[in-house]
Every structure is written in structure tokens, then in C-alpha cells.
Amino acid sequence: MARKTVTMDTGPGVPAGVVPGVERLPAGPAVFAGRRAELAALRAAAARPAVGRSPVLVLAGRPGSGRTALAVRFARTAAPDYPDGVLFTRLSAPDGFRVPPARAARLLLEQLDPDADVPLPGATEDGRDEPACVALREALAGRRVLLLLDDVRDAGQLWPLLADEPGCLVLATTAGPLTGIEDIDPVILGGLDRQASGELLADLVGGTRISCDPVGGADLAEACAARPAALRLMAGWLRENPKAAVTEAARELAGVLGEEAARPAADRTKGANDGEKGVGKDAGKNVLNDVATGAAQSVVKSVPNERKREEETAAAKGAKAARGAKGGKGTNGVKDAKGPGTGGAVAAPEPPAEPATDPAAWVKPAPEPAEPVPVPDNDPLVGAFTLVYRTLPAAQARMLRTLTLAPAQTADPRTASALVGCPAPDAAATLAALAERELLAEEPPAPDGTPRYRVPARLYPRLVRLREHEDRPAETELARARLLERMVRLTESARALLDPAAGPAPEPLPAALRLRSAAHAREWLLGERDLLLGAVGDAIGQGDLDGSAGRLVTALLRALPLTGGAGPADLHRLHELVLTVAERNGRPRRASAALLNLGDLQAAAGRWELAGTHYRAALEHARSVGDQPLCARALEGAAGCHRALGDAVRAADWYGRALGLRQAMGEQAAEARLLARVAEAHTAQRRFEEAEREYRAALAVLRRLGDERGQEAVGASLADLRERLQTG
């Protein structure tokens, strides 16, 4: 049966483009049902006057509860109240990576003002004093901005981003309590109420099919604990099995969850071991069964309401912990939403406590980073996924497993076709089919309209287990290598379009992958920049594809500056990756060059101490291989740092050492420059006679070179020095 696309309870939305940033929000599900009470509670909390800092609303719910979809829906309805823009970022990746607050702050700064100078990373990417976090809070001052922070792991990610600007609003989604920040009281999501569950199934499966079997629909909703993700997966299964009765879907789900519970533990262990050995097609089936272990009784006995009560009790305990040591009510005043059959009622808000105006009063010391909240084996979501996965065609199942290798688990037809080794049109069709089955989430399209998809975090661990058991390690490594090489070719073709005179154009890509123009190349590079950097970081982190990763880094270093939109933070990240590979592979010259580039970036940002550290490390690497040009450059860079820090004695010493190397190499232009630098250092020490001698030596070198502009500059400095001597 064809899937319907009617959206229920649409609410007052805002078209993309009316408020800046709405277009970057996730697309969200085409069908949305229920959560009216929760939306009303969020609107009421957002409307309360705020003092001192940005108010924080928190949506807490287990994986599959629909917290991101609800947050996006609220953001679209509330966007008109925040005319300065809507910002969005995720603070956790599907693979469990915890995004440091500084990296999130840099992304949010770029969204707020694409032309802004984004600060370089500090010594650590956590903490309220990190430069990017400080810059973000300063940029938000005096603005009305809505920040949607998805999948927040812990308060240590959130509190560095909170501005002292009550006109902004922060909406955070999380699977666990955010202890460490005062005066927050989350909206806790349980399952949908009975009516909303029926509406969702009816719209996804087909109204007639559900209305003809209301008991079956209610049984299926109960078996899914009325959680949206499990309901959507089972609705996809029913669409793919148009002759199956709704009651049969509930029985199938109970059966999948019950299979392994009836088997002895020894057999389950043996099945897992067989799967690890890759025993034929059944190995993957054993893995699916292992994933669902221990869940049968909760469904067979039809006790989802009891499970819901347990969820709500655990969530309420987390909310109580999140309210902090004061033990008072939070400023949001929002209580948890009830489970199915209660109508999703939300308790009336309590009067807000007086918020603190001093950040020290509302920010506690950052807790240790929290671990991801797992989906337990007795969760209906696991059973629904297992049932749907078993019905997938082989090509779709392989694509779904392989997408766990994509950077940030996000892919478009270009990258997906490289991962599985198929034509791009076939990959596009497979991606769309997986999204139709609710196994992939749709992301905002690329600037050129290319659709993008993302592996849901709630399914990622199961898919990794399936990939490890069903795909040979050599196949996985080949898929990763194909992806990196595809990115290298795309980046090199983009560079050729942006700078045709730079050299011969690379071999053309297939028509479906080709970048059409310089404008298209620029859009692609900037739109895919974070994913490209993520792909390089993943590859270098694993350490087995340094050759391909190195080629991609080189291609990006050549191409990104041509866009005019690459900031120093991007180049800093790339040079750090070059340094990692060079040190791991024992290439001191390349490591020294990377450190020099990092030092130059830090010096340009005025971070002289950190720049000096990089220059001295570069000097050590260069000395180990006797590379005099690199040594001279490192010495001169370190001398410049001493000069900027007001240490003229060390500056003169390091400049003098660099001068000796340049003279030995016969580089007269560098010799003249360094003679002038030594003279300036002597002048700062009031050693005027030595300074005059060095200036005169620099003039002599410049005359031999015929550099009239240099002679004029040094002559002016010498004249100023003599005037100072004459005036005493």
C-alpha cells in the first residue's frame, strides 16, 4: 500500500527563508501525530520572562521516543519569535562520538554569521573559557536566536554554550539527565497516547486497514510501547506486507522478541560465536536474534504499560537529579508526559524560581562526560528493527550496514555508491527505499539539491554488529578505501574547476557524480566540508589507510582556500591531521612542516605562547634530519613570538641563529630581512650602536640585490634610529 504523507497537528509553522536557519533543521518525519500537550508545555515555558541568561528547555526521552522530531516541530513553530535566526547542531554522533562544545560553538558561529572569524581551537575543546565558546556567547548578545542542540550527552557540552542573553532560547534534547546546570526541569517523553498511536498507524499504513482492525492496531501499539520509532518501523513492515493483518504484525513482533528468550544461554553464546566466525547466511540471523535476547516475556505477556511506568520512573529520577542541589523546581516548570491511555496530559506549570544572574551561580563544575544511553535488548525498537531487517533485499541490507562507515553516518548517492561499489543512480534508489522503510532519516539536501540521509543513532549499534558479522573485514576496508578515493577525486575535480590554471585537470568523473561548474564546486566543497574533514579524521584515527587519507588532506588544503569560505580553524584541523600521520609514519620533515603551519596560524591569531610551542617542536623535527631551511624558518618563527611577547633578548638570540643559517645557505633576501629583525631587537634593548650596524649591513645586502623598496624601508628605520640618537 502506498504511504500517505498527510501530517497531523501541523501547528503554526514558518516557511524556510522567512527566519534565517529554518532550512538547516532536519526534515523530520512526513507524518507526525500527538504530542499536543508536550508542545503546549514547551510553548508556555518559552513564553515565560527570562533574566540573566538564555532560558533552557530540555526534552528528555529514550532512543526512539521521538524527541528530535518534537524538538524540530517546536522550533519551526517558535521560529517567528526569534527573527535573528535558528541555529542547529548535534552534540553526539550516531557512533557515540561526543562532540566537544568548542567544535559545536564554531559550527554555530558559522551558521550565525558565515563571514565571521571563527577562533582557532584552544588547548582543550571543553570549558566555558574556550575561545570559540566565548566568541559564540559574545555574538549572541543583543540577539533573539533559537538554538536547537540535539542529542546532548552531558551538561559539560551545554553550559559553555549558554549566553548571558535572556532574549535567546536554548532547546536541548537528551536521553539522560543533564546534571550540573541549575533551574532546568525537562519535558519527559514516554509513549504516545492511545489516540495518537492509532492516528500514526492509520496515516502510515492506511486508514482503512487500521480502522477495520482497531483491536489489532491497539495490540500493535501496545507491543511497541507506543513509541514512535518502533511504530514507524512496524508500519513500514505492514506496507511491505500488504496481505498481512495488523494483528499478525503484533504476533510477529512478539515472536521475534521471544525466539531467543526460549533458548538456553549456552546456545545463545554459541550462536554469537558462530556469527563471529562468519558461518554462512545464518550468521547474520544469529546476530539479529542475539540483539533481541531477553525481550520475549515483556511482549508475550502484554505488559507495555508496566514498562512505561518503569521508563517514566527512571526519567523522573533523572529529572529530579537534573534540578540540582537546591532541590527547588526548575524555571521551565514542565512535568513529564504520561504514557498511553492517559491522553498525554502534562501537569500545570509551577511558578518559576528567580533565576541567578551570575554564571557562577547557575553553572556547577563540569561533570565527567557521560556515556551514550543504549537501547536495551528488551526494547520493542530492537524487535521491530530485527523484523524489518529480515525482510530487506540483500542490496538494501548491505547498503544499510555499510552506511555505518560513512562520516557522521551521513551519505548521499555520491558517497553511498562509493561505499558499496554501485552506480550512483542505483545508490539513490536504495537510499530512498531505506528511508521509506523508516531505516534512514532524511537530512536537509545539499545546496545542489542532492538528497542526503543519516543512520539513526538508535539503530547504529545493531547495524555495526550486523556489519561485523556479515561482512568480511577485507570488504569493509575496501569500502572505506573506495569512499576516500571518491572524495579525493571529487575534491580534485572541484579544485580544477575553481582554478583551471593550476595544472592538468583530473580524469573526469561519471556524469552522475560530476560537478558542473565552479559555482557548483564551491557549493559542494563548503556544503560537504565537515563530512570531508570527518572522513579524513576517521581514516587517520584508524590508521590503516594513511595513504588515501593523506591524499585527501593534500587535496583539501589545495581546494578549500579557493572557495573563500574556509577559515583558519579548518586549515588548523587539516594540519593537525597531517602532523598525526607524519609522526605515526616517522616522517620528521612533514611533521616539521605541519608544525610550522600550525605555528603560523596561531601567530596570526595572536596566540604567541602556543605558536612558540609549535615552532620549537618544528625545530626539533627539522634538526633530527638536518633540514636547514626548516630549521631557519622555525627559528625565525620562534624569534617573532619572543618579540611579540616583549622578550627582546631572546628575540635577538633566535633571530641571530636563523640569520646564521640563512647566510650559510646563501639566501640573501632572507639575510637582509633577518638583519633588520636583529636590529629591531637591539633597538628594543637600547643597544643602538649594534642596531645601526645591523641596519647598515641589511642595506648593503639589499643594494646587491637591487631591492629598492627594501632599501627604502630599511633606510627609513635607520633614519628613525639616528634621530633618536641625536635627540638623546
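Before any of the text, the structure's been laid out above.
Below: a short report on this structure. From a predicted model like this one, the values you see are computed outputs, not experimental measurements.

1. What about the overall build of the protein chain?
Phase 1: Helix and strand counts for the protein chain stand at 32 helices and 8 strands.
Phase 2: With 728 residues in all, the protein chain has 53% of them scored as buried.
Phase 3: The long-range fraction of contacts in the protein chain, counting pairs at least 24 apart against all pairs at least 6 apart in sequence, stands at 72%.
Phase 4: Roughly 30,300 Å² of accessible area belongs to the protein chain as shown, and the carbon and sulfur atoms make up 52% of that amount.

2. Focus: the nonpolar core
Phase 1: In terms of nonpolar packing, the biggest core is built from 136 residues, with Leu220, Met234, Phe385, Leu400, Leu403, Leu439 and Leu440 touching the most fellow members.
Phase 2: Setting aside its immediate chain neighbours within four residues, leucine 400 contacts Phe385, Tyr389, Leu392, Leu434, Leu439, Leu440 and Leu463.
Phase 3: Counting residues in each nonpolar core, the second largest holds 31 residues, with Val99, Leu147, Ala155 and Leu158 among its members.

3. Here we look at the sheet that holds strand β3 (residues 146-152)
Phase 1: Across the sheet, which stays open at both edges, the 5 strands sit in the order β2-β3-β4-β1-β5 with parallel pairing between neighbours. Strands with a single pairing partner mark the edges of an open sheet, and in this sheet they are β2 (86-90) and β5 (187-188).
Phase 2: Where β2 lies against β3, 5 bridges are found, and the strand directions are parallel. Bridge pairing in β3 links phenylalanine 88 to leucine 148.
Phase 3: The strands touched by helix α1 (residues 36-47) within the sheet are β1 (56-60), β4 (169-174) and β5, with β1 carrying the most contacts at an inclination of about 160°.

4. Concerning unusual backbone geometry
Phase 1: One non-glycine residue, aspartate 151, adopts positive backbone phi at about 55°.
Phase 2: The backbone of arginine 686 sits at a positive phi, close to 65°, despite the residue not being glycine.
Phase 3: Relative to the elements of secondary structure, arginine 686 occurs in the loop between α30 (668-684) and α31 (688-705).

5. As for the packing of aromatic side chains
Phase 1: The tally for this structure, following the rule as stated, stands at 1 aromatic pair.
Phase 2: Residues phenylalanine 385 and tyrosine 389 carry aromatic rings whose centres are separated by 5.7 Å and whose planes lie at 40° to one another, so their mutual orientation is tilted. Of the two residues, phenylalanine 385 and tyrosine 389 are both situated in helix α16 (residues 380-390); the distance of 4 residues between them amounts to about one turn of the helix.
Phase 3: A relative accessible area of 2% places phenylalanine 385 in the buried class.
Phase 4: Taking NZ or CZ as reference, arginine 657 lies 4.5 Å from the ring centre of tryptophan 654, over its face.

Rules of the game
- Residues numbered from 1 in each chain as written.
- Predicted model: local features only at pLDDT ≥ 70, side-chain atom pairs only at ≥ 80, totals over all residues.
- Heavy atoms only, no water.
- Helix = DSSP H or I, 4+ residues; strand = E, 2+ residues; numbered from the N terminus.
- Buried < 20%, exposed > 50% of the residue type's maximum accessible area, 1.4 Å probe, protein only.
- Contact = heavy atoms within 4.5 Å.
- Areas by Shrake-Rupley, 256 points an atom, 1.4 Å probe, with all protein chains shown as cover.
- Core = buried A, V, L, I, M, F, W, Y, C linked by side-chain atoms within 4.5 Å.
- Pairing = 2+ DSSP bridges.
- Axes fitted to C-alpha atoms, helices over the stretch in contact; angles between N-to-C directions.
- Phe/Tyr/Trp six-rings, centres within 6.5 Å; stacked < 30°, edge-to-face > 60°.
- Lys NZ or Arg CZ within 6 Å of the ring centre and 35° of its normal.

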